Structure formats: C-alpha cells, structure tokens
Amino acid sequence: MTEVSFQPLLEALIEEQPHFHAWPDGRSANWGLAPDVLRFLFAQLRPGMTTLETGAGYTTIAFGIAGTRHIAVTPDEAQAGRVRAYLAKLGVAPDLTFLHGSSDTVLPSGHGIPDQLDLVFIDGAHRFPFPVLDWHYTEGRVPIGGIVVIDDCSMPSVRILRDFLAGEDDWALVEECSQTAFFRRVQKQPNRMDWMDQNLNRPYLDRNSGKAAKKDAQSPKPRRKRFRWF
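This is a predicted model, so every value here is computed, not measured. (Residues numbered from 1 in each chain as written. Predicted model: local features only at pLDDT ≥ 70, side-chain atom pairs only at ≥ 80, totals over all residues. Heavy atoms only, no water.)

Some remarks on the nonpolar core
Judged by nonpolar contacts, the single largest core of 33 residues is most densely connected at Leu13, Leu38, Ile61 and Leu119. Broken down by secondary-structure element, the contributors of at least two residues to this core are α1 (7–16), α2 (35–44), α3 (58–66), α4 (77–90), β5 (95–99), β6 (119–122) and β7 (147–150). If you look at the next biggest cluster of nonpolar residues, it comprises 22 residues, including Leu107, Ile113, Ile122 and Val158. (Core = buried A, V, L, I, M, F, W, Y, C linked by side-chain atoms within 4.5 Å. Buried < 20%, exposed > 50% of the residue type's maximum accessible area, 1.4 Å probe, protein only. Helix = DSSP H or I, 4+ residues; strand = E, 2+ residues; numbered from the N terminus.)

Laid out in structure tokens, this is it:
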C-alpha cells in the first residue's frame, strides 16, 4: 500500500498564511508559528497519537492534517470556527475537540482530557503564571518518550518554564527552533522530598546544608558530666 503524504497540505497552510486570530478590536491577526517550527512539529506527529494544545491556530491545522486525536483549549469559539472551516477547505476531517474556556479552569477539571497525552503544545495565555499552569496540569499525563512544546520562549513569563525544564533530569531539550522549545520526557521520578527533589533548588539546598554543617561544627560540644558511684 502506498503511504499518503500529507506534507503538501502543510505547505499549503504555510503558503496561504490564513488569519485565525483577532485583535481585541476585532481586526484579524496572524500569530502562526514560523515555518521551520511548524515543519519540525509536524515531523513529530503520527496518526493515532493523542495530543493537546493550549491556544489554537496553525498548530491545530497541523495536528488535524497529521491525524492525531487532538484537543485544543481556547476560549475563542469564533477562532475555532475559522480553524474548522480551513480544515474542511483542505478536505481534512480531523479527530478534533475544542474545549472552550480559560486553561486555568479547563485543565484542572480534567473533563474531556485523556489520561495519556503523547504531545502537549503550550501556547495559550502568555501572562504569568499561565504557561507554568498549563504545564503543571498536563505534565502528569505525558509518558516517558512524550513531548512538551513551549512556544514564545523569549518572553520572560514563558522563559521561566523553558529554563526550569532544561535544568531538570526528567526532561531533555531535543530541539529549539526560533522561539519554540521541544522537550522529551526521559524519565518520571516520583517526588519524595518536595522542593529538594528539583535541580532548580539544588544551589539553595547545598548552600543552606553547608551553612548548617558549618554552624554545627562551630557549636560548642556539650560537656559530659562524670558521676561517682562511691
């Protein structure tokens, strides 16, 4: 059987540059990914994967073309309608579910979200702490080998999450295209000691452990009393 390539559909999206977003005043906007990022994302996708994103747009089209079981979390119903219309124009019938609402309420509820997510794309609300919240409420569903993608990493409120994952043992940075970082889960260690299990806090732990040891060494030793039994 000849394998069908859906790459031309992705290239059509890149060439046409449709507008799925809108400014607050209603004017249309294009906040799509850079072509190299979109192509790299598409290369990670396989039919039957379960994927989720916060936000919607070009990535939603890519997930639809790739044939993943996809969930997009966005409060913008008009945007979802434009995405569906464009997929229909391409002749794609996606396995696509929109969960309408803010990600800080949709994700914690767990309603409509599968137990396992093979890839999570974080590109919803960018104000702090939304990127961190989007990761927090999805990362437990990402298995070893699964991928978390973070867009707009140059933004300080997003960079915090990118730098955190880059320093932790559970995640490996596999690619950084433009402002987008791709992390693969390489292990899933249980958290036993709260903040002390995170590499982020290692300098603080080492510094304070050293201070405690030094203080203990400098403390006067308690004198033992001698008792006479006669």
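Some points on the packing of aromatic side chains
All told, the structure shown has 4 aromatic pairs when counted by the stated rule. Centre to centre, the rings of phenylalanine 20 and tyrosine 58 are 5.8 Å apart; their planes meet at 85°, and the pair counts as edge-to-face. With a gap of 38 residues between them, phenylalanine 20 in the loop between α1 and β1 (21–22) and tyrosine 58 in helix α3 connect regions that are remote in the sequence. Accessibility classification places phenylalanine 20 together with tyrosine 58 in one group, the buried group. Aromatic side chains tryptophan 135 and phenylalanine 164 sit 5.6 Å apart centroid to centroid with 75° between the ring planes, which places their arrangement in the edge-to-face category. Of this pair, tryptophan 135 sits in helix α6 (residues 130–136) while phenylalanine 164 sits in helix α7 (residues 156–167), placing them 29 residues apart in sequence. Judged by relative accessible area, phenylalanine 164 falls into the buried class, the value being 16%. Aromatic ring contacts, followed pair by pair, group Phe20, Tyr58 and Tyr86 into a single cluster. (Phe/Tyr/Trp six-rings, centres within 6.5 Å; stacked < 30°, edge-to-face > 60°.)

Details of the sheet that holds strand β3 (residues 50–54)
The 7 strands lie next to each other as β5-β4-β3-β6-β7-β9-β8, forming an open sheet whose pairing is mixed. Both edges of this open sheet fall to β5 and β8 (171–177), since each of them pairs with a single strand only. Averaged over neighbouring strand pairs, the angle between their axes works out to 15° when direction is ignored. Of the strands in this sheet, β6, β7, β8 and β9 (180–185) are in contact with α2, which crosses β9 at around 20°. On top of the sheet, α3 reaches β3, β4 (69–73), β5 and β6; it is set at about 170° to β3, its chief contact. (Pairing = 2+ DSSP bridges. Axes fitted to C-alpha atoms, helices over the stretch in contact; angles between N-to-C directions. Contact = heavy atoms within 4.5 Å.)

A few points about α2
When α2 is considered as a whole, its buried residues turn out to be Val37, Leu38, Leu41, Phe42 and Gln44. Taken down its axis, α2 places every buried residue within 155° of arc, on the same side. Contact partners of the buried residues in α2: α1, α3, β6, β7, β8 and β9. (Arc of directions from axis to C-beta.)

Considering the environment of phenylalanine 20
What makes phenylalanine 20 buried here is its relative accessible area of 2%. Beyond its immediate stretch of four places on either side in the chain, phenylalanine 20 contacts Leu13, Ala29, Gly57, Tyr58, Ile61, Gln79, Arg82, Val83 and Tyr86.

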